[in-house]
Structure formats: C-alpha cells, structure tokens
Amino acid sequence: MIIAIDGPAAAGKGTLSRRIAETYGFHHLDTGLTYRATAKALLDAGQPLDNESVAEETARTVELAGLDRDILSAHEIGEAASKIAVMPSVRRALVEAQRAFSTREPGTVLDGRDIGTVVCPQAPVKLYVTASPEVRARRRFDEIIGKGGSADFDAIFEDVKRRDERDMGRADSPLKPAADAHLLDTSEMSIEAAFQAAKILIDAALKEA
Ligand code: DC
C-alpha cells in the first residue's frame, strides 16, 4: 500500500503524512529531505549549486536512513534544495531511491511534490494538500514566533510565492496534482479534519487491496 501526498511548501503535508504513517504503521519518507540533504552536502563542501554532474554525484550518496528535518530545516537549505531540484539527473537519482523505499512492507507514505505524478503514479491513494499562500506564510510565521524566534511576515510571504513559482514552473516533474488525486485544501480545514478525510480514502483503498 502506497500513499502519495503532494503539495506546496507549508501546506500541512508533513504533519498529515506522519499522522497517517503512525495510524497505519506504515513507513514514512519526506522526499523533500532527500533534496535538502543533497543541497546541504553541496553547501558544506563549498560546491556551486549549478553544476549538475557534481549535484547528481552528491545525490547518489544520500542515505535515506540518516535524514533529519531538524538538521535540514534551515531556510538556505530549502532554497538551495529548490534550485537543485530543477536538475533532471539529480531528480532521477533521488527518485530511484524514493521508489525503492516505496515498496517497503506493510506500506509506505511518501510526501513531496511529484509522488503521485512521477515517483509512484500507481499509488492507490493520492492526496494533493494545499492552502493559500497567505495561510501557508502565516503558519510558517507562527511556527517561528512560537519557537521564540523573530520573523518578518512579508518576507516569508514573498518567499512562499517564490518557492511555489520555482516548484510549479520547472520543466521536469513540476508540482501539480495527479489527475486522480484527491484535493485537500487546508486553508480553512484543520489538520485533524484533513486527516479524517484522508482516513476514509485510505480505509476504502485497504478494503479493495
Ligand atoms: O518540502 P521541502 O520544503 O522540504 O522541499 C524542499 C525542496 O525540494 C522543494 O522546494 C522542491 C524540492 N522537492 C522536489 O522537487 N520534489 C519532491 N518530491 C520534494 C521536494
């Protein structure tokens, strides 16, 4: 059983994916972390972000077991990840590892930008989780303030829009809902309500499997 969850940054995919994985005892892979780990390795090595063959080689060294969002959450890493994610050979390398992960038993939840369209188009449950850019920027802002940090809402809002443009506008595997994806707009829906909606779809798919 594969659950594919796609959507833009800060839409609530991560929280929803973890909740689903916990509930069903499935393995979870946040595929954004594979792009982030590649970007961090390049930044740490002082490598440029525009050399595709170096980026591909680096992508092939990423170990899925060692991915940690706390280490990879920095804003510069997210920006760098979004830049190297436009490179087809980097995507091929990471997609290979993601597909291998998706076959784990008893089931998997993968979240990202192209899971339902490219990585696992055969997934029986596909969700596209979205929210307006304002709501997503507000969540990011509240999260930073909640952790005692300081943040500029307008800068975060611009950032969210720029990231959307890059993720949706790239030629290879742009962010978009699969034709058979179920849309969950969390702008005015709690994560709990989104989870309940997802649960109905997953339970129905499990019955058919
Ligand atoms: O979800 P995130 O913010 O951690 O993702 C960081 C970047 O990685 C995102 O801007 C685009 C890229 N990405 C991708 O291209 N495909 C995926 N399946 C996941 C992430």
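In what follows, the structure referred to is the one given above.
Basis of the calculations
- Here the residue numbers are simple positions, counted from 1 along each chain's written sequence.
- Per-residue local features are limited, in this predicted model, to residues with pLDDT of at least 70; the limit for side-chain atom pairs, both in listing and counting, is 80 or more; totals at the level of whole chains, interfaces and linings are taken over all residues.
- Only hydrogens and water are set aside when side-chain values are computed; all heavy atoms of the structure are taken into account.
- The helix and strand labels rest on DSSP assignments: H or I over at least four residues marks a helix, E over at least two residues marks a strand, and numbering proceeds from the N terminus.
- Here's how the labels work: a residue is buried when its accessible area is under 20% of the maximum for its type, exposed when over 50%, partly exposed in between, all with a 1.4 Å probe on protein chains only.
- Two residues form a contact once any of their heavy atoms are found within 4.5 Å.
- Throughout this description, the term salt bridge denotes a Lys or Arg side-chain nitrogen within 4 Å of a carboxyl oxygen of Asp or Glu.
- For our purposes a nonpolar core is just a set of buried Ala, Val, Leu, Ile, Met, Phe, Trp, Tyr and Cys residues, chained together by side-chain atoms within 4.5 Å.
- A pair of aromatic rings is counted whenever rings of Phe, Tyr or Trp (Trp by its six-membered ring) have centres within 6.5 Å, and the orientation is called stacked for planes under 30 degrees apart, edge-to-face for over 60 and tilted otherwise.
- Remark: a charge is flagged as sitting over a ring if the NZ atom of Lys or the CZ atom of Arg is within 6 Å of the ring centre and within 35 degrees of the ring normal.
- A strand pair is defined by DSSP finding two or more bridges across the two strands.

**Student:** Tell me about the overall build of the protein chain, residues and numbers included.
**Tutor:** Within the protein chain, the regular secondary structure consists of 10 helices and five strands. Looking at the 209 residues of the protein chain, the share that counts as buried comes to 45%. Relative to all contacts within the protein chain whose residues are 6 or more apart in sequence, the contacts with residues 24 or more apart total 80%.

**Student:** So what's going on with helix H5 (residues 75–84)? Which residues, and what values?
**Tutor:** Across the 10 residues that make up H5, a large majority, seven, are buried. Every buried residue belonging to H5 is among Ile77, Gly78, Glu79, Ala80, Ala81, Ser82 and Ile84, and all of these are buried. For H5, the elements touching its buried residues are helix H2 (32–44), helix H4 (69–72), helix H6 (88–102) and helix H9 (153–169).

**Student:** Lay out the environment of Leu94 with the relevant residues and their values.
**Tutor:** Mapped onto the elements of the fold, Leu94 is located in helix H6. For Leu94, a relative accessible area of 2% gives the class buried. Put simply, Leu94 and Ile156 are 62 residues apart on the chain and 28 Å apart in space, counted from C-alpha to C-alpha. Once you skip the residues sitting within four places of it in the chain, Leu94 turns out to touch Thr34, Tyr35, Thr38 and Ala59.

**Student:** Provide a residue-level description of the pattern of salt bridges, including the pertinent values.
**Tutor:** Here the idea is simple: oppositely charged side chains can pair when their charged atoms come close. Here the structure, examined in full by the defined rule, presents 17 salt bridges. In this structure, the salt-bridge partner of Glu79 is Arg162, at a minimum N-O distance of 3.7 Å. In this pair, Glu79 sits in helix H5 while Arg162 sits in helix H9, placing the two residues 83 residues apart along the sequence. Here Glu79 falls in the buried class, since its relative accessible area comes to 11%. Between Arg166 and Glu79 there is a salt bridge, with the nearest N and O atoms lying 3.5 Å from each other. With Arg166 in helix H9 and Glu79 in helix H5, the pair connects residues that are 87 residues apart, well separated along the chain. Taken together, the shared-partner salt bridges connect Glu79, Asp159, Arg162, Arg163 and Arg166 into one network.

**Student:** Tell me about the nonpolar core, residues and numbers included.
**Tutor:** Counting 28 residues, the largest nonpolar core has Tyr35, Leu67, Val90, Leu110 and Cys120 as its most contacted members. At the level of elements, strand S1 (2–6), H2, helix H3 (52–59), H5, H6 and helix H7 (115–119) are the ones that each hand at least two residues to this core. Once residues lying within four places of it in the same chain are set aside, the contact partners of Val90 are Tyr35, Glu52, Ala55, Glu56, Ala59 and Ile84. Core analysis: the second largest hydrophobic core is formed by 18 residues, Ile3, Leu16, Ile20 and Ala205 among them.

**Student:** Describe the packing of aromatic side chains, naming the residues involved and giving the relevant values.
**Tutor:** The final tally for this structure, using the stated rule, is three aromatic pairs. Taken together, Phe141, Phe153 and Phe157 form an aromatic cluster joined through their ring pairs. Its guanidinium or amino end placed over the ring of Phe195, Arg19 lies 4.0 Å from that ring's centre, counting from NZ or CZ. The lysine or arginine in question, Arg138, covers the ring of Phe153, its NZ or CZ lying 4.5 Å from the ring centre.

**Student:** Summarise the pairing of strand S3 (residues 108–112); cite the residues concerned and give the values.
**Tutor:** Counting buried residues in S3 gives five out of five residues, a clear majority hidden from the surface. The side-chain alternation of S3 yields two buried faces, one formed by Thr108, Leu110 and Gly112 and the other by Val109 and Asp111. In this structure, S1 lies alongside S3, joined through five bridges in parallel fashion. Residue Ile3 lies in a different strand from S3, and its bridge partner there is Val109. Sheet analysis places strand S2 (residues 27–30) next to S3, joined by four bridges and oriented parallel. Residue pairing across strands places Asp30 opposite Asp111, the latter belonging to S3.

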